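# Architecture and fold: a report
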Amino acid sequence: GRGMTAKESFWDRQAEGYAKRPIRDEASYQKKLEITRTYFRPDMSVMEFGCGTGSTAILHAPHVKHIDAYDVSEKMIEIAKAKAAAANISNITFRAAAIGDINPPAGSYDAVLGLNILHLLKDPAATIRRVKDMLRPGGYFISSTPCFGVGRLWFLRLMIPPARVLGYAPLLRFLTPNGLRKSITDAGFTIDQEWSHAKGIVLFVVAKKPA
């Protein structure tokens with residue numbers, strides 16, 4: 001196959017354990033699903049990047065017309081396809097690709113989901129700008145992001161670089177809630193609603209592209 005980057009092999013190694021692990025905070029996860037669904041309509045075309053093993057896409061699929069779901073890990077995508085088939089869900093197209101390699105025509109989607117992914121990207125702000133182009137006017141970008149740049153998590157900064165060198169951790173951006181909000185609004189979105197949990201570390205944002 002194609003040459004694998006360190007990042008892809010890291011996530012491929014994680015895939016099976018990741019698929020079996022329960023969601024850490026089920027109540028927060030359910031709340032984010034509910035908020036997201038208030039924006040969905042049956043005729044919507046949706047894209048999710050960093051979809052992992054497809055759990056969230058599979059839960060949202062009955063509420064929209066179609067979902068294109070991407071992840072850098074081929075193994076995660078294999079698991080996702082099997083899970084969708086087992087759940088009799090046929091309106092998701094799963095593909096192995098990084099967000100930087102996805103080039104849909106401008107205005108292709110009514111909503112784009114980026115859940116637990118922005119802090120793992122080399123240039124989150126550039127990704128947010130690309131997402132805006134992919135959305136039709138009035139479309140929504142829905143994201144949930146751990147903001148490890150807050151004060152009490154400074155010790156993570158000391159631990160992560162050696163761990164990365166050893167191949168245990170992917171790239172990790174130390175975003176702050178304010179920095180993330182600024183990247184979203186600088187890209188030209190308006191923030192329709194936001195909610196934070198995990199003591200304010202995780203920021204969930206629904207951002208709207210002006211109509």
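As a reminder, the structure under discussion sits directly above these lines.
The following paragraphs examine the structure supplied in this document. Residue positions are given per chain, counting from 1 as you read along its sequence in written order. Only residues with pLDDT of at least 70 are given local features in this predicted model, and only at 80 or more are side-chain atom pairs given and counted; all residues enter the totals for whole chains, interfaces and linings. For the side-chain quantities, the full set of heavy atoms in the structure was used; hydrogens and water were omitted.

### Quick look at unusual backbone geometry
Rule in force here: Helical segments are the DSSP runs of H or I of at least four residues, strand segments are the runs of E of at least two, and each set is numbered from the N terminus.
One non-glycine residue, Asn116, lies in positive phi territory at about 55 degrees. Residue position: Asn116 is located in the loop between β4 (109-115) and α5 (124-134). Phi is positive for Lys199, close to 55 degrees, though the residue is something other than glycine. By the element assignment, Lys199 lies in the loop between β6 (190-197) and β7 (202-208).

### Side note on the environment of Gly54
Condition: Whether two residues are in contact is decided by their heavy atoms, any of which lying within 4.5 Å being enough.
The residue Gly54 is located in the loop between β1 (45-49) and α3 (55-60) in this model. Separated by 22 residues in sequence, Gly54 and Met76 place their C-alpha atoms 7.9 Å apart. Among residues more than four places away in sequence, those in contact with Gly54 are Ala80 and Phe94.

### Considerations on helix α2 (residues 26-37)
Note the threshold: By this rule, a helix spans an expected 1.5 Å times one less than how many residues it contains.
Its twelve residues place the ends of α2 16 Å apart at the C-alpha level, agreeing with the 16 Å of an ideal helix rising 1.5 Å per residue. In this structure, the buried side of α2 is in contact with α3, β4, β5 (135-146), β6 and β7.

### Some remarks on the sheet that holds β4
What counts, and what does not: DSSP-based pairing: two strands are paired if at least 2 bridges between them are found. Comment: axis = line fitted to C-alpha atoms, over the contacting stretch for helices; angle = value between 0 and 180 degrees taken between N-to-C directions.
An order of β3-β2-β1-β4-β5-β7-β6 is seen for the seven strands of this open sheet, with the pairing classed as mixed. Edge strands, defined here as strands with exactly one partner in the open sheet, are β3 (92-96) and β6. On average, each strand axis in the sheet is inclined to that of its neighbour by 15 degrees, with strand direction left out of account. Bridge analysis of β4 against β5 gives six bridges, and the strand direction is parallel. Within β5, the position partnered with Ala111 by the bridge is Tyr140. The sheet contacts of helix α7 (residues 177-186) involve β5, β6 and β7, and relative to β7 the element is tilted by about 15 degrees.

### Quick word on the packing of aromatic side chains
Our working rule: Two aromatic rings, drawn from Phe, Tyr or Trp (for Trp, its six-membered ring), form a pair once their centres lie within 6.5 Å of each other, and the interplanar angle then sorts them: stacked below 30 degrees, edge-to-face above 60, tilted otherwise. For each residue, the accessible area found with a 1.4 Å probe, counting protein chains only, is set against the maximum for its type, and the residue is called buried under 20%, exposed over 50%, and partly exposed in between.
Counted according to the given criterion, the structure contains three aromatic pairs. Ring centres of Phe49 and Phe141 lie 6.3 Å apart, and the angle between their planes is 15 degrees; on these two criteria the pair is classed as stacked. Of this pair, Phe49 sits in strand β1 while Phe141 is found in strand β5, placing the two residues 92 residues apart along the sequence. Pair check on accessibility: Phe49 and Phe141 agree, each one buried. A relative accessible area of 0% places Phe141 in the buried class. These aromatic residues form a ring-pair network of at least three members: Phe49, Phe141 and Phe189.

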